[in-house]
Amino acid sequence: LKLPSRRISSGINAEYGGSEAVQVFIQSRFLRYATPKKASKNRLVEATKVLHFFAMPLEVDEDFVLKLLEDKGCPTPTSISMHKSEVCSAGLLEFDTVEEATDTVAIANHLQGSIKGNRYILKLAFTGKKSMPTGDRAAANTNGDGEKSKSK
């Protein structure tokens, strides 16, 4: 794969103090397709009804994730499982259908915000799993009004 050696002109945007309106990263060392070796590390994963979210601050809990998705108009997951390491929070979200999971990725992937002074970017990815692992899954609960609530 041969990349162009010159930068593509993107124009100047006066509204943002003369900075470029579009940045082109074709020469970036982070480009995932820059070399055949880098491209071979990309994995195609079939869309499933289970999403993995990751790289969230430690202060994030299930209620925060559910409220964030609700505020953005995303479908409500049937269950959620959180995992925390020494440095970040991550977890799994399961939806009723693949379409609901796909809608959530389209709406919420790379949402930016902050919680207790810590900035985050919500990162979502399909897990490749058809359903959540049995240890993490609980039957969808209802709150008495017939609405779904988080599973624990």
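Look up a bit, the structure's there.
Residues numbered from 1 in each chain as written. Predicted model: local features only at pLDDT ≥ 70, side-chain atom pairs only at ≥ 80, totals over all residues. Heavy atoms only, no water.

(A) The overall build of the chain, seen in detail. A tally of regular secondary structure across the chain gives 3 helices and 7 strands. When the elements of the chain are put in sequence order from the N terminus, they spell out α-β-α-β-β-α-β-β-β-β. Counting the 152 residues in the chain, one finds 28% classified as buried. A sequence separation of at least 24 residues applies to 61% of the contacts in the chain between residues at least 6 apart. Surface summary for the chain: the accessible area is close to 10200 Å², and the carbon and sulfur share equals 53%. (Helix = DSSP H or I, 4+ residues; strand = E, 2+ residues; numbered from the N terminus. Buried < 20%, exposed > 50% of the residue type's maximum accessible area, 1.4 Å probe, protein only. Contact = heavy atoms within 4.5 Å. Areas by Shrake-Rupley, 256 points an atom, 1.4 Å probe, with all protein chains shown as cover.)

(B) Main features of the pairing of strand E2 (residues 79–84). The sheet contact formed by E2 and strand E3 (residues 89–94) spans 6 bridges and is antiparallel. Bridged to Ser79 within E3 is Glu94. The turn joining E2 and E3, which pair antiparallel and follow one another in sequence, is formed by 4 residues. (Pairing = 2+ DSSP bridges.)

(C) Summary view of the packing of aromatic side chains. Following the criterion strictly, the structure yields 1 aromatic pair and no others. Ring centres 5.7 Å apart and planes at 85° place the aromatic pair Phe64 and Tyr120 in the edge-to-face group. In this pair, Phe64 is assigned in helix H2 (residues 62–71) and Tyr120 in strand E5 (residues 118–126), connecting sequence segments 56 residues apart. For Tyr120, a relative accessible area of 7% gives the class buried. (Phe/Tyr/Trp six-rings, centres within 6.5 Å; stacked < 30°, edge-to-face > 60°.)

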